[in-house]
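# Examining the three-dimensional arrangement
One-letter residues, chain by chain:
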Amino acid sequence: MHIKTPKFDVPDMKKLLMTSLLAMVLCTTISCSKDEGVTTEPETNYSIDLNLANETDWQMANEILFYVNEYRNSKGLSELKKDQQYASAYAVDHTKHMIQQAEISHDNFGTRVKALKERGAVSVGENVGFGYTKAEDLVNAWINSSSHRTILEGDYTHSGFGVMQSNSGKYYFTQLFYRK
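Residues numbered from 1 in each chain as written. Predicted model: local features only at pLDDT ≥ 70, side-chain atom pairs only at ≥ 80, totals over all residues. Heavy atoms only, no water.

### Looking at the nonpolar core
Counting 23 residues, the largest nonpolar core has Ile 64, Val 163 and Phe 173 as its most contacted members. When contributions to this core are tallied by element, the ones reaching two or more residues are α2 (58-74), α5 (135-143), α6 (146-152), β4 (158-165) and β5 (171-179). The biggest single contributor to this core is α2, with seven residues. Dropping the residues within four chain positions of it, Val 163 is found in contact with Glu 55, Thr 56, Asp 57, Met 60, Ala 61, Ile 64, Thr 95, Tyr 171, Tyr 172 and Phe 173. Counting residues in hydrophobic clusters, the runner-up holds 18 residues, among them Val 92, Ala 115, Val 124 and Leu 176. (Core = buried A, V, L, I, M, F, W, Y, C linked by side-chain atoms within 4.5 Å. Buried < 20%, exposed > 50% of the residue type's maximum accessible area, 1.4 Å probe, protein only. Helix = DSSP H or I, 4+ residues; strand = E, 2+ residues; numbered from the N terminus. Contact = heavy atoms within 4.5 Å.)

Now the structure itself:
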């Protein structure tokens, strides 16, 4: 009995491997979340130290907002207004959590949603990222991801930022989007 062994084309295998690796990198370095169907924690105190907002890297945050608004304008959407208070304080708090965990996540997103809704938000979305050194590269990664693009194109009016570097110098990003 003769058994046929499959033939593998090395260039095709390399392409498949590279495509798989790229997909894994994108999935692990950027993430997004929307408040639809979010279950919130039983916690009822959503207070936050507004001074946390001062800890964000505002130069990088302003560049991110510039590229996000440039993209939104290209789609005929309204520009987002920068929130340097509550949304940014919650974003910084979450970014600190991600740095402590050494991974990106949407842990406790429901808490951020509830807190912003208590302050007048109607809907809330969130994009997070890791490792990018340029705002334009981060925003382009979000644009090239359908789930992140959905958040970028959402019916939001304001945005808060948690942009910080870990002790090793790696950037972590949380961008909260909300509509009043």
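That was the structure; now back to the text.
### A short note on the pattern of salt bridges
Considering all chains together, one arrives at three salt bridges under this definition. Among the salt bridges present, the one from Arg 112 reaches Glu 126, with a minimum N-O distance of 2.7 Å. Of this pair, Arg 112 sits in helix α4 (residues 109-118) while Glu 126 sits in strand β3 (residues 123-130); the two residues are 14 residues apart in sequence, bridging distant segments of the chain. A relative accessible area of 4% places Arg 112 in the buried class. Glu 126 sits in the buried class, given a relative accessible area of 0%. Across the salt bridge formed by Arg 179 and Asp 155, the nearest N and O atoms sit 3.2 Å from each other. You can see Arg 179 sitting in strand β5 and its partner Asp 155 sitting in the loop between α6 and β4, a full 24 residues away along the chain. (Salt bridge = Lys/Arg side-chain N within 4 Å of Asp/Glu carboxyl O.)

### Structural notes on the packing of aromatic side chains
In this structure the tally under the stated criterion is five aromatic pairs. For the ring pair Phe 66 and Tyr 67, a centre distance of 5.0 Å and an interplane angle of 80° mean the geometry is edge-to-face. Classification of Phe 66 as partly exposed rests on a relative accessible area of 49%. Note on Tyr 67: relative accessible area 22%, which makes it partly exposed. An angle of 20° between the planes, with centres 5.7 Å apart, marks the rings of Tyr 171 and Phe 173 as stacked. An identical accessibility class is assigned to Tyr 171 and Phe 173; each is buried. (Phe/Tyr/Trp six-rings, centres within 6.5 Å; stacked < 30°, edge-to-face > 60°.)

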